Amino acid sequence: MKAIQAIRGMKDIPPAETPVWRRLEDAARDVLAGYGYHELRPPIVEKTELFRRSVGEGTDIVEKEMYTFADRNGESLTLRPECTASCVRAAIEHSWLRGRGQRLWHIGPMFRYEKPQKGRYRQFHQLDVEALGFPGPDIDAELILLGARLWGRLGLQGLRLEINSLGSREIQQAYRSRLVEYLSSHAEELDEDSQRRLGTNPLRVLDSKNPRLRGMLEAAPQIIDHLDDQSRGHFEQLQAMLSASGIGFRVNPRLVRGLDYYTGTVFEWITDDLGAQGAVCGGGRYDGLVEEIGGPPTPATGFAVGLERVVALMQIGEAPSDPGGPHAYLLAVGEAAERAAHSLAEQLRDALPGLRLIVDAGPGNFKRKMKSADRSQAELALILGEDEMRDQRISCKSMRDTGSQQTVVRSELIETLAERINVGA
Ligand code: HAM
C-alpha cells in the first residue's frame, strides 16, 4: 500500500534534533522569567474574524496564507498564523488589562500556506512575547534587550538589529496617500507583485526584494520623515536607550513588516547566515490593536522569534547533539523473569532518579535480546535469567570496553548501579 507522507511544508522534528530545540526553549524560558514574563497557552484554532481584524484584510497572510475551514456548525475557524492576536484576545476576554500591564509569552506552532523553502514552512514555531499596557519606549527597549540576551545565552553572534517607526494610524494614512501617489507615477516600473500590493497594501511595496525596484524605492517618500512630534520623540528615546545599553542597531526606513496592526516602533533581528530567510525575529508596537479587537484602549508591543531559523543558526558548525543513550538495558529470559522485569525496573527508577533504563520488549531468545542491548548503546546490560531468578541475583555486563560481567545479589543492585553509572549524566 502507498505510504502516507507528511503535508508539504510541515516537517517532523526527529529525535536527533529535539535536544537543540529543548536547549533553545529552556534558554528562552529562563531569560523570560528573568524579565518577569509569564507563559500563556492559548488554543491553536481561533475564529477567523480575529485574524481578519488584527493581521488585516490586505495582508498576504489573510489574503492567501490562512488555513481556514468551517467547523461542523458552519463557523469559520482558522489555524493561527501568528500569536499576537490570540494573546490580545485572551487578555481582553479574561479582563487582564484593568489598570495593569501584562508581560506574556508563548511558544508553539503557527500555520501559513506559504511557498515552502529552506527556512520557510507551512507549520513553523514561534516564541511570541507580548507586553500589554505599557506606552513608553522603555518597554520597546526591554523587549530588544531581552532578545539580545537570548542570542547571548544561545551563543549566537552576528545578528543585526534593524529598527524603524511607522507612526500613528493617522500618520500612516496620510503617508499612504503620498506613497501611492509616488508609486503610481512609477507604475510602469513595478513588478506584478508590487502592482497588486499598490492596490491592497502599498506600504508592503517598500519591502520588495526585487533588485530592479531598488533605486526607485530608495527615492520613495519615507514614513520616518513624516512622523509627528510624539512618534519622533518616542523613537529618539528608544534609540538613546539602546545606545545607553550598548545595543547596536541600524535605522532602516524601509522596514515595514507584513502585518497591519503596527504603529510606531518596529524592529527585526536579521542574520546573513541563512540565505534569503534571514529574519529570525520581528516585532513592534501595536497601540490600536486591543481596541480594534474590542478591548479598552491599551498600548502594546511585542515580537516573535522564528524557532526553525534560530535552530538552524544553532546547528551551524555544531556536531549533532547526543540525545543521551540509556544507562542500562534490562533483559529477562524465561517466563518468571519476564514477569518480574517491570517491577524490578520500577524499583530501580524509584531509587535512582535520572536513571535511563530500557526494559527489553518483544519475543526472542537470549542472543536476540543481547543484540538489542548492544544496539541501544546502553552502558550496562542487566540480565535476569532462570538462574538469576532462582538465586535472587542479577548479572551486570558492561557493554563498553572490557565487557566484564559481575553477578550481584538483588538487594545490592541499587548500590552497584549507583557506583557503576553516572546517573546525573
Ligand atoms: P512575523 O514577522 O510574521 O511577525 O513572524 C516573526 C518571525 O517568525 C519571523 O521573523 C520569522 O523568523 C518567523 N516566521 C514567519 N513565517 C515563517 C515561516 N513561514 N516559516 C518559518 N518561520 C517563519 C509575527 O508573527 C508577529 N506576530 C510578531 C509580533 C509579536 N509583533 C508583535 N508581537
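In this text, all values refer to a predicted model and were calculated from it rather than measured experimentally. (Residues numbered from 1 in each chain as written. Predicted model: local features only at pLDDT ≥ 70, side-chain atom pairs only at ≥ 80, totals over all residues. Heavy atoms only, no water.)

1. Some remarks on the pattern of salt bridges
For step 1, the next point in the chain: Enumeration over the complete set of coordinates arrives at 33 salt bridges.
For step 2, the next point in the chain: Salt-bridge contacts for Arg89 lead to Glu93; the nearest nitrogen and oxygen are separated by 2.8 Å. Of this pair, Arg89 and Glu93 both sit in helix α4 (residues 84–93), 4 residues apart, which is roughly one turn of the helix.
For step 3, the next point in the chain: Judged by relative accessible area, which is 18%, Arg89 ranks as buried.
For step 4, the next point in the chain: Judged by its relative accessible area of 54%, Glu93 is exposed.
For step 5, the next point in the chain: The residue Glu268 makes a salt bridge to Arg257 at a minimum N-O spacing of 2.9 Å. With Glu268 in strand β9 (residues 265–270) and Arg257 in the loop between β8 (250–251) and β9, this pair connects stretches of sequence that are 11 residues apart. Pair check on accessibility: Glu268 and Arg257 agree, each one buried.
For step 6, the next point in the chain: Three or more residues joined by partner-sharing salt bridges are found here, namely Asp60, Glu63, Asp193, Arg196 and Arg197. (Salt bridge = Lys/Arg side-chain N within 4 Å of Asp/Glu carboxyl O. Helix = DSSP H or I, 4+ residues; strand = E, 2+ residues; numbered from the N terminus. Buried < 20%, exposed > 50% of the residue type's maximum accessible area, 1.4 Å probe, protein only.)

2. Thoughts on the pairing of strand β3 (residues 67–70)
For step 1, the next point in the chain: Judged from the 4 bridges that link them, β3 and strand β4 (residues 76–79) form a sheet pairing that is antiparallel. Along β4, the bridge assignment pairs Thr68 with Thr78.
For step 2, the next point in the chain: If you look at the hairpin formed by β3 and β4, you'll find 5 residues sitting between the two strands, and Gly74 has a positive phi there, around 85 degrees. (Pairing = 2+ DSSP bridges.)

3. What about the domain arrangement of the protein chain?
The figure often quoted for interface size is the accessible area lost as the parts come together.
For step 1, the next point in the chain: Assigned domains within the protein chain: domain 1 (18–167 + 227–315) and domain 2 (328–420).
For step 2, the next point in the chain: With centres defined by C-alpha atoms, the gap from domain 1 to domain 2 works out at 50 Å. (Domains from an automatic or database assignment.)

4. A short note on the packing of aromatic side chains
For step 1, the next point in the chain: Tallying each qualifying case throughout the model produces 5 aromatic pairs.
For step 2, the next point in the chain: One aromatic cluster is present, formed by Tyr261, Tyr262 and Tyr286 through successive ring pairs.
For step 3, the next point in the chain: Sitting over the ring of Tyr121, Lys11 keeps its end group 4.9 Å from the ring centre.
For step 4, the next point in the chain: Here the basic side chain of Arg122 rests over the ring of Tyr113, its NZ or CZ set 3.8 Å away from the ring centre. (Phe/Tyr/Trp six-rings, centres within 6.5 Å; stacked < 30°, edge-to-face > 60°. Lys NZ or Arg CZ within 6 Å of the ring centre and 35° of its normal.)

5. Section: the environment of Tyr37
For step 1, the next point in the chain: Tracing the chain through its elements places Tyr37 in the loop between α1 (18–34) and β1 (38–39).
For step 2, the next point in the chain: C-alpha of Tyr37 to C-alpha of Trp105: the two residues are 68 residues apart in sequence and 6.5 Å apart in space.
For step 3, the next point in the chain: Beyond its immediate chain neighbours, meaning those up to four positions away, Tyr37 contacts Leu32, Arg103, Leu104, Trp105, Val129, Glu130, Ala131, Ile139, Glu142, Leu143 and Leu146.
For step 4, the next point in the chain: A polar contact of 2.6 Å, which involves the side chain of Tyr37, links it to the side chain of Glu142. (Contact = heavy atoms within 4.5 Å. Polar contact = N/O pair within 3.5 Å; in protein donor to acceptor, adjacent residues only side chain to side chain.)

6. Some words on the side chain of Asn201
For step 1, the next point in the chain: Tracing the chain through its elements places Asn201 in the loop between α7 (192–200) and α8 (214–218).
For step 2, the next point in the chain: For Asn201, a relative accessible area of 7% gives the class buried.
For step 3, the next point in the chain: Within the structure, the side chain of Asn201 is placed 3.4 Å from the side chain of Asp260, a separation counted as a polar contact.
For step 4, the next point in the chain: Those residues in contact with Asn201 that lie beyond four places of it in its chain are Gly58, Thr59 and Asp260.

7. Section: the pairing of strand β10 (residues 279–285)
For step 1, the next point in the chain: In terms of burial, β10 is largely enclosed, as 6 of its 7 residues are buried.
For step 2, the next point in the chain: With 5 bridges connecting them, β9 and β10 associate as antiparallel partners. In the sheet register, Phe267 faces β10, and the bridge partner there is Gly283.
For step 3, the next point in the chain: Bridging between β10 and strand β11 (residues 300–306) involves 5 bridges; their strand directions are antiparallel. Bridging across to β11, Gly283 finds its partner in Phe303.

8. Focus: the site of the ligand
For step 1, the next point in the chain: Neighbouring the ligand are 27 residues; Glu82, Glu114, Tyr121, Tyr262 and Ala279 lie closest to it.
For step 2, the next point in the chain: Arg257 places a polar side-chain atom, nitrogen or oxygen, 2.9 Å from an oxygen atom of the ligand.
For step 3, the next point in the chain: Mapped by element, the contributors of at least two residues to the shell around the ligand are β6 (123–132), β10 and β11.
For step 4, the next point in the chain: Considered class by class, the residues forming the shell around the ligand number 11 nonpolar, 8 polar and 8 charged. (Near = heavy atom within 4 Å. Nonpolar A, V, L, I, M, F, W, Y, C, P; charged D, E, K, R; others polar.)

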